[in-house]
Every structure is written in structure tokens, then in C-alpha cells.
Amino acid sequence: MVSDVLVWLLMSYGMTNIVVFSSIFEPMREWLKTKTNKILNFVSDLVGCPMCFGFWSGIFLSLTLISPSTWLFGVNDYSNLFFDGILSSGGIWLIHTVQEYFERSNPNV
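Going along each chain's sequence as written, the residues are numbered from 1 onward. The predicted origin of the model limits local features to residues at a pLDDT of at least 70 and limits the giving and counting of side-chain atom pairs to 80 or more, whereas totals for whole chains, interfaces and linings rest on all residues. To get the side-chain values, all heavy atoms of the structure are used, and hydrogens and water are removed first.

Q: Pulling in residues and values, what's your account of the overall build of the chain?
A: The helix and strand inventory of the chain stands at 6 helices and 0 strands. For helices the rule is a DSSP run of H or I covering at least 4 residues; for strands it is a run of E covering at least 2, with both sets numbered from the N terminus onward. Starting at the N terminus, the α and β elements of the chain follow one another as α-α-α-α-α-α. Projected onto its principal axes, the C-alpha positions of the chain cover 45 × 40 × 20 Å. Counting over 109 residues, the chain shows a buried share of 34%. For every accessible area listed, the method is Shrake-Rupley and the probe measures 1.4 Å; residues are considered covered only by the protein chains on display. Within the structure as shown, the chain displays about 7,100 Å² of accessible surface, and the carbon and sulfur contribution to it stands at 69%. Each residue is assigned to one of three classes by its accessible area relative to the maximum for its type, calculated with a 1.4 Å probe on protein chains only: buried under 20%, partly exposed between the two thresholds, exposed over 50%.

Q: Give a detailed account of the packing of aromatic side chains, specifying residues and quantitative values.
A: Between rings of Phe, Tyr and Trp, where Trp is taken as its six-membered ring, a pair exists when centres lie within 6.5 Å; planes separated by under 30 degrees are stacked, by over 60 edge-to-face, and by other angles tilted. Per the stated rule, a full pass over the model turns up 4 aromatic pairs. With 5.2 Å between their ring centres and 90 degrees between their planes, Phe 55 and Trp 56 make a pair best called edge-to-face. What makes Trp 56 partly exposed here is its relative accessible area of 43%.

Q: Before we move on, could you go through a nonpolar patch on the surface and cite the residues and values that matter?
A: Patch membership is restricted to residues that have no salt bridge and whose relative accessible area is over 30%. Joining uses 9 Å for like charges and 5 Å for the nonpolar side chains Val, Leu, Ile, Met, Phe, Trp and Tyr. Just to be clear on terms, a salt bridge is a Lys or Arg side-chain nitrogen sitting within 4 Å of an Asp or Glu carboxyl oxygen. Where nonpolar side chains cluster on the molecular surface, the patch consists of Val 7, Met 11, Leu 65 and Ile 66 and spans about 340 Å² of accessible area. On the secondary structure map, Leu 65 appears in the loop between helix H4 (50-64) and helix H5 (68-73).

Q: Can you lay out the pattern of salt bridges for me, pointing to particular residues and giving the numbers?
A: Across all of its chains, the model carries 2 salt bridges by this definition. Measuring nitrogen to oxygen at the nearest pair gives 3.7 Å for the salt bridge that ties Lys 33 to Glu 30. You can see Lys 33 and its partner Glu 30 sitting in helix H2 (residues 26-34), 3 residues apart, about one turn around the helix. Since its relative accessible area comes to 55%, Lys 33 is described here as exposed. Using a relative accessible area of 40% as the deciding quantity, one classes Glu 30 as partly exposed. One salt bridge in this structure joins Arg 104 and Glu 100, with 4.0 Å as the shortest N-O distance.

Structural data, given as C-alpha cells:
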């Protein structure tokens, strides 16, 4: 069960890392930054923040795969989407913070 949650978190981290930091999505992120529409500004902020996008990737994985909230807490209504978003956002922020710590502590990488 714990390993299932870790795999789910790593999938969410991978999805978030690709959208927020990869060169594949860089043209889309740059294009969104040039727009002045309020909705596009929100989307631009969303795809530039690992914690923000992590919340929505958790909801996406919960809708498309399986919900860790169901395993952990037995929540079976739509509130599990919110809890999965929180779990994903927090897990991604933790992984991202640890990754940045190691990058800063080893300047040769």
C-alpha cells in the first residue's frame, strides 16, 4: 500500500516536472507568459509552479488511475479529488525541495 502511494506520487512528480521544467513545454510556457488574458495568466502561473501544477496533476491521476485517498482514508466521494490534489502537491513540493537541496550542495552537477 505504501509502495503504491509512492509510485503514484512519483508519477505525479514526473508529470509535473515535465510540464513545469522540461524543454518540451518551454515554448508553451513562454507563449503563455506573453499573453495578457486573465485566464491565460492563470494558466501561465499554473504551469510555472510545481506546487500549483502538482495539485492538478494529483486530481488528474485520481480521475484517470486510482485515488490514494480511497486506499488511505476510505474516502469514496468526490472529496477524494481534493485530498489527492493536496497529497500530490505536498509530495511534489517535498521531492522538489530535496532535489533543490542536493543541487545546491553539489555545485559540480
